[in-house]
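Coordinates in review
Listed below, chain by chain, are the residues.
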Amino acid sequence: MIEDGRPIFVQIAEQIENEIIDGTLPEEGQVPSTNEFAAFHRINPATAGKGVNVLVENGTLYKKRGIGMFVATGARERLLVGRRDEFEKQFIRPLVAEAAKLGITREQLVALLQKEA
């Protein structure tokens, strides 16, 4: 899971987000501790904690004192909305712009997408 090129704490946060989106970590479910993440990925616990704290700061996770971190209610839907917006910006808009440059009509583009789906 951990790859070169991007900060490890960002990758930890994305891993948790992905597990929330795919249902591995349900809303109100407990998230592994920073020590568990650190041991699993063989990284410094402070780095794992930084990834978890990013998600606490944006409301995806919350802390129950003395118990651990949990997935907030509504977190999955908020993540999906954010990821869909990002998908549109990174992929759909450039795709539509390139199709227009190439003279591909809307109908042709839809047909191409349906063929690949």
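Quick caveat: nothing in here was measured; it's all calculated off a predicted structure.

1. Side note on the packing of aromatic side chains
What characterises a pair of aromatic rings is the spacing of the ring centres plus the angle enclosed by the ring planes. Tallied over the full model, the rule gives two aromatic pairs. Ring plane angle 40° and centroid distance 5.3 Å describe the contact between Phe87 and Phe91, whose orientation is recorded as tilted. Residue Phe87 and its partner Phe91 are both found in helix α4 (residues 75-101); the two are separated by four residues, about one turn of the helix. A relative accessible area of 44% means that Phe87 is categorised as partly exposed. It is Lys50 that lies over the ring of Phe9; its NZ or CZ is 4.3 Å from the centre. Lys64 extends its terminal NZ or CZ atom over the ring of Phe70, reaching a point 4.4 Å from the ring centre.

2. Considerations on α4
Helix length check: α4 (27 residues) gives 38 Å between terminal C-alpha atoms against 39 Å at 1.5 Å per residue, within 8%. Of all the bends found along α4, the most pronounced is centred on Glu88 and spans about 40°. Turning to α4, its buried residues are Ala75, Leu79, Leu80 and Ala99. Contacts made by the buried residues of α4 are with α1 (8-21), β2 (68-71) and α5 (106-116). Trailing α4 by a residue or two, Gly103 shows a phi angle of about 75°, which is positive.

Cut-offs and rules
Residues numbered from 1 in each chain as written. Predicted model: local features only at pLDDT ≥ 70, side-chain atom pairs only at ≥ 80, totals over all residues. Heavy atoms only, no water. Phe/Tyr/Trp six-rings, centres within 6.5 Å; stacked < 30°, edge-to-face > 60°. Helix = DSSP H or I, 4+ residues; strand = E, 2+ residues; numbered from the N terminus. Buried < 20%, exposed > 50% of the residue type's maximum accessible area, 1.4 Å probe, protein only. Lys NZ or Arg CZ within 6 Å of the ring centre and 35° of its normal. Expected span 1.5 Å × (residues − 1). Bend = angle between axes of the 7 residues up to and from the residue. Contact = heavy atoms within 4.5 Å.

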